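Each chain, written out:
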Amino acid sequence: MKFTDEHEWLTLDAGVATVGITEHASTQLGDLVFVELPKIGASLRKGEGAAVVESVKAASDVFAPLSGEVTEINDAVVKDPALVNSDPLGKGWLYRMKLAAVSDYDALMDEAAYQKLIG
């Protein structure tokens, strides 16, 4: 599992990354009430807005951690946004994307670096 400084996490399987927000991010946001995901087939560029999560406190963009094409979305979190709060690193994943350059994955933070970031 890798992490970004924008509090997204990724896992990689055969060039396809599963993307979600970290437990830290879901805790900071509070109880989610709305999730908007990218469309399947959408081309995302690293750093651009890919999804939106909204809590009773605020709405927040989820940024594309790497460039690639969306191959799947998690409809379960659209129907039940609380899944992102209850299981952010598991059933609360947001979308999957085929990476444009799989080698970019290695440049992201590992868990130790992310834990240092959030202090």
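Scroll up a little and you will see the structure.
All of the points below concern the structure found in this document. (Residues numbered from 1 in each chain as written. Predicted model: local features only at pLDDT ≥ 70, side-chain atom pairs only at ≥ 80, totals over all residues. Heavy atoms only, no water.)

Within the protein chain one finds four helices and nine strands. Starting at the N terminus, the α and β elements of the protein chain follow one another as β-β-β-α-β-β-β-β-β-α-α-β-α. Relative to its length of 119 residues, the protein chain is compact, with a C-alpha radius of gyration of 13 Å against a globular reference of 14 Å. Taken along the three principal axes of its C-alpha coordinates, the protein chain extends 35 × 35 × 20 Å. Out of the 119 residues belonging to the protein chain, those deemed buried represent 40%. Residue pairs in contact within the protein chain that sit at least 24 positions apart in sequence constitute 61% of those at least 6 positions apart. In the form shown here, the protein chain has an accessible surface area of approximately 6300 Å², with 49% of it arising from carbon and sulfur atoms. Between the mean site of the 10 positive side-chain charges and the mean site of the 19 negative ones, the protein chain shows a separation of 2 Å. (Helix = DSSP H or I, 4+ residues; strand = E, 2+ residues; numbered from the N terminus. Rg over C-alpha atoms; globule rule 2.2 N^0.38 Å. Buried < 20%, exposed > 50% of the residue type's maximum accessible area, 1.4 Å probe, protein only. Contact = heavy atoms within 4.5 Å. Areas by Shrake-Rupley, 256 points an atom, 1.4 Å probe, with all protein chains shown as cover. Lys, Arg positive; Asp, Glu negative; His and termini not counted. Charge placed at Lys NZ, Arg CZ, Asp CG, Glu CD.)

Here three strands make up an open sheet; going across it, the order is β4-β6-β7 and the pairing antiparallel. Each having just a single partner strand, β4 (32-36) and β7 (59-63) make up the two edges of the open sheet. Ignoring which end each strand starts from, the neighbouring axes of this sheet average 25° apart. (Pairing = 2+ DSSP bridges. Axes fitted to C-alpha atoms, helices over the stretch in contact; angles between N-to-C directions.)

Here the focus is the packing of aromatic side chains. Counted under the stated rule, the structure contains one aromatic pair. Note on Phe3 and Tyr114: the rings are 4.8 Å apart at their centroids and 15° apart in plane angle, and the pair reads as stacked. Of this pair, Phe3 sits in strand β1 (residues 2-3) while Tyr114 sits in helix α4 (residues 111-118); the two residues are 111 residues apart in sequence, bridging distant segments of the chain. Looking at Phe3, the relative accessible area reads 4%, which means it is buried. One Lys or Arg, Arg96, reaches over the ring of Trp93 and ends 4.0 Å from the middle of that ring. (Phe/Tyr/Trp six-rings, centres within 6.5 Å; stacked < 30°, edge-to-face > 60°. Lys NZ or Arg CZ within 6 Å of the ring centre and 35° of its normal.)

Bringing the sheet that holds strand β3 (residues 16-21) into the picture now. The strand order β1-β2-β3-β9-β8-β5 describes an open sheet built from six strands, whose pairing is antiparallel. Either end of the sheet is taken by a strand with one partner, and the two such strands are β1 and β5 (43-44). Summarising the sheet, β1 and strand β2 (residues 8-13) pair through two bridges and their orientation is antiparallel. Bridge pairing in β2 places Phe3 opposite Trp9.

Mapped onto the elements, Ala76 comes out in helix α2 (residues 75-79). A relative accessible area of 35% places Ala76 in the partly exposed class. Along the chain, Ala76 and His24 lie 52 residues apart, while their C-alpha atoms are 21 Å from each other.

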